[in-house]
Amino acid sequence: MPHTPDPEGPESPQEEEPWLDSREVVALWPVREDWLRGAAGRADVRIRQFGGESRGTYGAAPTYYHYHPGDVRRAAAAFAEGRVDIPSVWRTDTPDGRRAEYWSRFRFRLTCAVMLALVLLLLGLAVYDMVS
């Protein structure tokens, strides 16, 4: 198992390049955004996690991940050459991955449409009750 430096450790002076966020990594890798951390783990990419603190009764703050730029470039080449094995459902360049992404977006859009219809229905009922 390869050794990767501690993500929380200090960087050397030549590593002053800013770490990449998820959207920047998605542009470089053929991996769906939902599976970036899994793919990064398989490719030994250093990750920094921000947020996620508890808000007590109100749940937790959003969690953000940043990826080491040198490791991301190395992993992009490894993905392109097929040296890192990631499931086809995680990928954006396979039929399985595109199908999974399509159905994931479809479910999200359907849920939003149903919720909007319910809100409009309840609003219409409230207006009808006020008029009658």
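Structure report, in brief. Remember, it's a predicted structure, so these values are computed and weren't measured experimentally.

**Let's talk about the nonpolar core**
Link 1 in the chain: Residues Trp29, Val45, Tyr67 and Phe79 are the most contacted members of the largest nonpolar core, which totals 18 residues.
Link 2 in the chain: Within the residue set of this core, elements represented by two or more residues are α2 (36-42), β3 (63-67) and α3 (69-81).
Link 3 in the chain: Top contributing element to this core by residue count: α3, with 4 residues.
Link 4 in the chain: Apart from residues lying up to four places away in sequence, Trp29 is in contact with Leu36, Ala39, Ala40, Val45, Val72, Ala75, Ala76 and Phe79.

**Concerning the layout of surface pockets**
Empty space left among the atoms is revealed by rolling a probe the size of a water molecule over them.
Link 1 in the chain: In this model, the largest pocket occupies a volume close to 210 Å³.
Link 2 in the chain: What lines the largest pocket is a set of 13 residues, among which Ser22, Glu33, Thr63, Tyr65 and Tyr67 lie closest to the centre.
Link 3 in the chain: Broken down by secondary-structure element, the contributors of at least two residues to the lining of the largest pocket are α2 and β3.
Link 4 in the chain: In terms of residue count, β3 provides more of the lining of the largest pocket than any other element does, 5 residues in total.
Link 5 in the chain: Per-class residue counts for the lining of the largest pocket are 5 nonpolar, 4 polar and 4 charged.

**Remarks on the pattern of salt bridges**
Link 1 in the chain: This model, assessed by the stated rule, comprises 9 salt bridges.
Link 2 in the chain: Two residues, Glu101 and Arg32, come together in a salt bridge whose shortest N-O distance is 2.9 Å. Here Glu101, found in helix α4 (residues 95-131), pairs with Arg32, found in the loop between α1 (22-28) and α2; they are 69 residues apart in sequence, far enough to count as distant.
Link 3 in the chain: For Arg105, the salt bridge identified is with Glu101, shortest N-O distance 3.1 Å. Residue Arg105 and its partner Glu101 are located together in helix α4, separated by 4 residues, close to a single helical turn.
Link 4 in the chain: Arg105 sits in the partly exposed class, given a relative accessible area of 47%.

**What to know about the packing of aromatic side chains**
Link 1 in the chain: Applying the stated criterion across every chain yields a total of 6 aromatic pairs.
Link 2 in the chain: Their ring planes at 20° and their centres at 6.3 Å tell us that Tyr102 and Phe106 sit as a pair that is stacked. Of this pair, Tyr102 and Phe106 both sit in helix α4, 4 residues apart, which is roughly one turn of the helix.
Link 3 in the chain: Owing to a relative accessible area of 47%, Tyr102 belongs among the partly exposed residues under this scheme.
Link 4 in the chain: Given the relative accessible area of 38%, Phe106 is considered partly exposed.
Link 5 in the chain: Measuring from centroid to centroid gives 5.3 Å for Trp103 and Phe106, while their planes differ by 80°, and the two rings are edge-to-face. With Trp103 and Phe106 both in helix α4 and 3 residues apart, this pair spans about one turn of that helix.
Link 6 in the chain: Each member of the aromatic cluster is reached from another via a ring pair, and the members are Trp29, Tyr67 and Phe79.

**Looking at the sheet that holds strand β1 (residues 20-21)**
Link 1 in the chain: Judged by pairing direction, the sheet is antiparallel, and its 3 strands sit side by side in the order β1-β3-β2 without closing on themselves. One side of each edge strand has no neighbouring strand; the edge strands of this open sheet are β1 and β2 (47-51).
Link 2 in the chain: Looking at chain direction, β1 and β3 are connected through 2 bridges and run antiparallel. Residue Asp21 lies in a different strand from β3, and its bridge partner there is His66.

The rules behind these values
Residues numbered from 1 in each chain as written. Predicted model: local features only at pLDDT ≥ 70, side-chain atom pairs only at ≥ 80, totals over all residues. Heavy atoms only, no water. Core = buried A, V, L, I, M, F, W, Y, C linked by side-chain atoms within 4.5 Å. Buried < 20%, exposed > 50% of the residue type's maximum accessible area, 1.4 Å probe, protein only. Helix = DSSP H or I, 4+ residues; strand = E, 2+ residues; numbered from the N terminus. Contact = heavy atoms within 4.5 Å. 1 Å grid on protein atoms, 1.4 Å probe; cavity = no way out; pocket = protein on both sides within 12 Å on 5 of 7 lines; lining within 4 Å. Points joined across faces, edges and corners; volume = space filled by probe spheres on them. Nonpolar A, V, L, I, M, F, W, Y, C, P; charged D, E, K, R; others polar. Salt bridge = Lys/Arg side-chain N within 4 Å of Asp/Glu carboxyl O. Phe/Tyr/Trp six-rings, centres within 6.5 Å; stacked < 30°, edge-to-face > 60°. Pairing = 2+ DSSP bridges.

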